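Architecture and fold: a report
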Amino acid sequence: NCSYFKHFTPGQSSEIFEVTTQKEYSISAAAIAIFSVGFAIIGTICILLSFGKKRDYLLKPASMFYTFAG
């Protein structure tokens, strides 16, 4: 059965450990990944806008967005 496994120790009774998936971790990991992609997109938009009309002041926020994405 995939839901449990037995752990045997010599001379003692066996203990059964439940193996459960923790959905809270997968949901939070998905949320962090979505925020990371969002920050990378905003950083790319800042870089593309800075190339247009020589707006060099947008490069510092772009670097911060890429740092947050990492």
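Residues numbered from 1 in each chain as written. Predicted model: local features only at pLDDT ≥ 70, side-chain atom pairs only at ≥ 80, totals over all residues. Heavy atoms only, no water.

Following the UniProt record, one finds the feature "transmembrane region" (unreviewed entry) at residues 27-51. Overall, residues 27-51 shows 100% helix and 0% strand. The separation of its end C-alpha atoms is 37 Å. (UniProt positions renumbered as here; feature names shortened; annotations may be inferred. Helix = DSSP H or I, 4+ residues; strand = E, 2+ residues; numbered from the N terminus.)

The subject of this paragraph is the environment of Gly 38. As for its placement among the helices and strands, Gly 38 is situated in helix H1 (residues 23-52). Taking the relative accessible area as the measure of exposure, Gly 38 reaches 27% and is therefore partly exposed. Linking Gly 38 and Ala 69, residues 31 residues apart in sequence, is a C-alpha distance of 7.7 Å. (Buried < 20%, exposed > 50% of the residue type's maximum accessible area, 1.4 Å probe, protein only.)

One can find Thr 44 in helix H1. Taking the C-alpha atoms as reference, Thr 44 lies 8.4 Å from Tyr 66; in sequence the two are 22 residues apart.

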